[in-house]
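# Coordinate inspection notes
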Amino acid sequence: MKLSEVKTPCYVIDEVALIHNLEILKKVEDESGAHILLAQKCFSGYDEYPLIAKYISGTTGSGLYEARLGYEKMGVPFGKQTHVYAPAYKSEDVPELARICDHMIFNSSAQLLRHYSAVRGKTSIGVRINPQYRTQKDHPMYDPCAAGSRLGMKREDLTAEVLEKIDGIHFHTMCEQRFDDLARTVRVVERDFGDILRRVKWLNMGGGQHITSEGYDVDGLITLIKYLRETYKIEVYLEPGEAVTIDAGILVSEVLDVVENRLKILVLDASAACHMPDVLEVPYTPTVSENYIQSGDSEEKIIFAGEPAEKRYTYRLAGNTCLAGDVIGDYSFDSEKKAGDRLYFHDMAIYSMVKNNTFNGIPLPSIYSMDKNGECRILKEFGYEDFKSRLGS
Ligand SMILES: *Cc1c(COP(=O)(O)O)cnc(C)c1O
């Protein structure tokens, strides 16, 4: 079916945009020798894993469920790798994790020592370090190097007892950042952890690198990885979430009503609180358009909404929950909006489906994928049972 025929609310994964990102990541793998893993925390749309697996080396997960999904859908049976990191593992999860994960990363020496006998010889063991080097100031919420962070071991925590047990080190200190921030971080890691880099087999540089966004210094990244591999004789891993699926999906929504209170407000069948919680959490105002065209050589253009008052009709876009603050943002349009009109929220493959909830009994959006011909295929529909089943017997 065509995009105009999908049932709202729904996410539509744009495979053209996804492949665009994957081609850049594959170039990084091919030219630098690094391995790139999908961070499933950001995107776990496993119907796309067969496509993603054509380009990158595997997945990473943040615990048993994500690790299992990565293993089942893009793991060893597919010739791919499954990594896992969690701030702490529960003892009952460790045997299965050691079986399905080829790389297991611990967050503290206590965790490593507690689980060592259950994992030794079964998986490649690493620890997460905290370089204590901040490259972002705007969002402490997303800065693992912020004061008081529980994420990663400080240099002095890496005792001889820890070092003799590990094959690799991992850091993850960035969020939507450019190459310069990675390069500066690597210099600090070399300065403070250089002796360890010389004795381990691998370095995982985490996610948060916006490798596939416009203007990222991909060649700089390739050069840096080659330098690290040659200097320290190590394997290098990157585990981006956003860079894999940035701008590779939209949330399609319908206007249910128009109300007026100082300004005109559109009540939508999509909700910030339920379907795009990062809008409230980060917070940010997503890009909205009145149509959606895949990138390519089409003559048609995407008609984007403007800032409030920039175009003739200004509206506040809000969700269909009882939460007063379920507001997506204020926008303006060339044409007046009415019930039944559709709006398209951009860059909604990342940190959206994985964060969905059914607060207030709001239905979960369906999931479609769109191929290069603009043909939309339904991957999953949700119903009342999906709401009910999480709340009782
Ligand atoms: C969140 C996370 C990632 C992915 O981050 P993105 O910002 O989506 O690229 C990778 N590794 C770890 C440890 C993470 O917590």
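Quantities reported herein were computed from a predicted structural model and do not represent experimental measurements.

## What about the overall build of the chain?
Looking only at helices and strands, the chain has 12 helices and 17 strands in total. At 22 Å, the chain has a C-alpha radius of gyration in line with the 21 Å of a compact globule built from 393 residues. C-alpha atoms of the chain, sized along the principal axes, occupy 65 × 50 × 40 Å. Put simply, the chain has 393 residues, and 55% of those count as buried. Put simply, of all contacts in the chain between residues at least 6 apart along the chain, 67% involve residues at least 24 apart. Only carbon and sulfur atoms are counted for the fraction: they give 49% of the accessible area of the chain, which is about 18100 Å². The distance from the centre of the 46 positive side-chain charges to the centre of the 59 negative ones in the chain is 5 Å.

## Observations concerning the pairing of strand β6 (residues 124–128)
The buried count for β6 comes to five of five residues, which makes it a mostly enclosed element. Direction of pairing for strand β5 (residues 103–106) relative to β6: parallel, over a ladder of four bridges. Pairing of Ile105 across the sheet is with Gly126, part of β6. Remark: the β5/helix α5 (residues 109–119)/β6 crossover connection has right-handed handedness. Sheet analysis places β6 next to strand β7 (residues 168–170), joined by three bridges and oriented parallel. Of the residues in β7, the one forming a bridge with Arg128 is His170.

## Looking at the layout of surface pockets
Taken as a whole, the second largest pocket holds about 750 Å³ of empty space. Looking at the lining of the second largest pocket, the elements that each hand over two or more residues are α3 (64–74) and β17 (376–380). Tallied by class, residues from the lining of the second largest pocket come to 11 nonpolar, three polar and five charged. Formed jointly, the lining of the second largest pocket draws a minimum of three residues from each of two domains, domain 1 (3–12 + 249–348 + 356–387) and domain 2 (33–245).

## Some remarks on helix α7 (residues 179–197)
Spanning 19 residues, α7 covers only 21 Å between terminal C-alpha atoms, well under the ideal 27 Å at 1.5 Å per step. In α7, a bend of some 60° at Arg191 exceeds every other bend along the element.

## Looking at the environment of Gly325
Residue placement: Gly325 occurs in the loop between β13 (313–318) and β14 (327–333). Separated by 168 residues in the primary sequence, Gly325 and Asp157 place their C-alpha atoms 43 Å from one another.

## Some thoughts on the nonpolar core
Core analysis: the largest hydrophobic core is formed by 97 residues, its most contacted members being Ile52, Leu182, Met205, Ile211 and Leu317. At eight residues, the largest contribution of residues to this core is made by α7. Built from parts of two domains, this core gets at least three residues from each of domain 1 (3–12 + 249–348 + 356–387) and domain 2 (33–245). Sequence-distant contacts of Leu317, defined by excluding residues within four places in its chain, comprise Leu266, Leu268, Val288, Val327, Ile328, Gly329, Tyr331, Phe333, Leu343 and Phe345. Cys10, Val252, Tyr368 and Cys376 belong to the second-largest nonpolar core, a separate cluster that totals 11 residues.

## A short note on the side chain of Gln177
Of note, Gln177 is situated in the loop between β7 and α7. Side chain to side chain, Gln177 and Asp181 meet in a polar contact 3.1 Å long. If we ignore the near neighbours within four places in the chain, the residues touching Gln177 are Thr135, Gln136, Gly208, Gln209, His210 and Tyr216.

## Things to note about the site of the ligand
Around the ligand sit 13 residues, and of these Lys41, Gly208, Glu239, Gly241 and Tyr351 come closest. Between Glu239 and the ligand, the recorded distance is 2.7 Å, taken from a side-chain N or O atom to a nitrogen atom. Burial of the ligand by the protein amounts to 89% of the accessible area it has alone, namely 390 Å². By residue class, the composition of the shell around the ligand is four nonpolar, five polar and four charged.

## Structural notes on the packing of aromatic side chains
Geometrically, a pair of aromatic rings is defined through the distance of the ring centres and the angle of the planes. Tallied over the entire structure, the rule returns five aromatic pairs. Relative to Phe333, the ring of Tyr315 lies with its centre 6.1 Å away and its plane at 50°, an arrangement referred to as tilted. Of this pair, Tyr315 sits in strand β13 while Phe333 sits in strand β14, and the two are 18 residues apart along the sequence. Take Tyr315 and Phe333: they sit in the same class, and that class is buried. Here the basic side chain of Lys165 rests over the ring of Tyr116, its NZ or CZ set 5.3 Å away from the ring centre.

## Some thoughts on the sheet that holds strand β3 (residues 58–61)
Sheet architecture is closed into a barrel: eight strands sit in the order β2-β3-β4-β5-β6-β7-β8-β9, paired in parallel fashion. With strand direction ignored, the average angle separating the axes of adjacent strands in the sheet is 25°. Bridge analysis of strand β4 (residues 81–85) against β5 gives three bridges, and the strand direction is parallel. From the neighbouring strand, Tyr85 faces β5, where its bridge partner is Ile105. Packed onto the sheet, α3 meets β2 (35–39), β3 and β4 and runs at close to 170° relative to β3.

What counts, and where the lines are drawn
Residues numbered from 1 in each chain as written. Predicted model: local features only at pLDDT ≥ 70, side-chain atom pairs only at ≥ 80, totals over all residues. Heavy atoms only, no water. Helix = DSSP H or I, 4+ residues; strand = E, 2+ residues; numbered from the N terminus. Rg over C-alpha atoms; globule rule 2.2 N^0.38 Å. Buried < 20%, exposed > 50% of the residue type's maximum accessible area, 1.4 Å probe, protein only. Contact = heavy atoms within 4.5 Å. Areas by Shrake-Rupley, 256 points an atom, 1.4 Å probe, with all protein chains shown as cover. Lys, Arg positive; Asp, Glu negative; His and termini not counted. Charge placed at Lys NZ, Arg CZ, Asp CG, Glu CD. Pairing = 2+ DSSP bridges. Right-handed = clockwise from strand over helix to strand, strands pointing away. 1 Å grid on protein atoms, 1.4 Å probe; cavity = no way out; pocket = protein on both sides within 12 Å on 5 of 7 lines; lining within 4 Å. Points joined across faces, edges and corners; volume = space filled by probe spheres on them. Nonpolar A, V, L, I, M, F, W, Y, C, P; charged D, E, K, R; others polar. Domains from an automatic or database assignment. Expected span 1.5 Å × (residues − 1). Bend = angle between axes of the 7 residues up to and from the residue. Core = buried A, V, L, I, M, F, W, Y, C linked by side-chain atoms within 4.5 Å. Polar contact = N/O pair within 3.5 Å; in protein donor to acceptor, adjacent residues only side chain to side chain. Near = heavy atom within 4 Å. Phe/Tyr/Trp six-rings, centres within 6.5 Å; stacked < 30°, edge-to-face > 60°. Lys NZ or Arg CZ within 6 Å of the ring centre and 35° of its normal. Axes fitted to C-alpha atoms, helices over the stretch in contact; angles between N-to-C directions.

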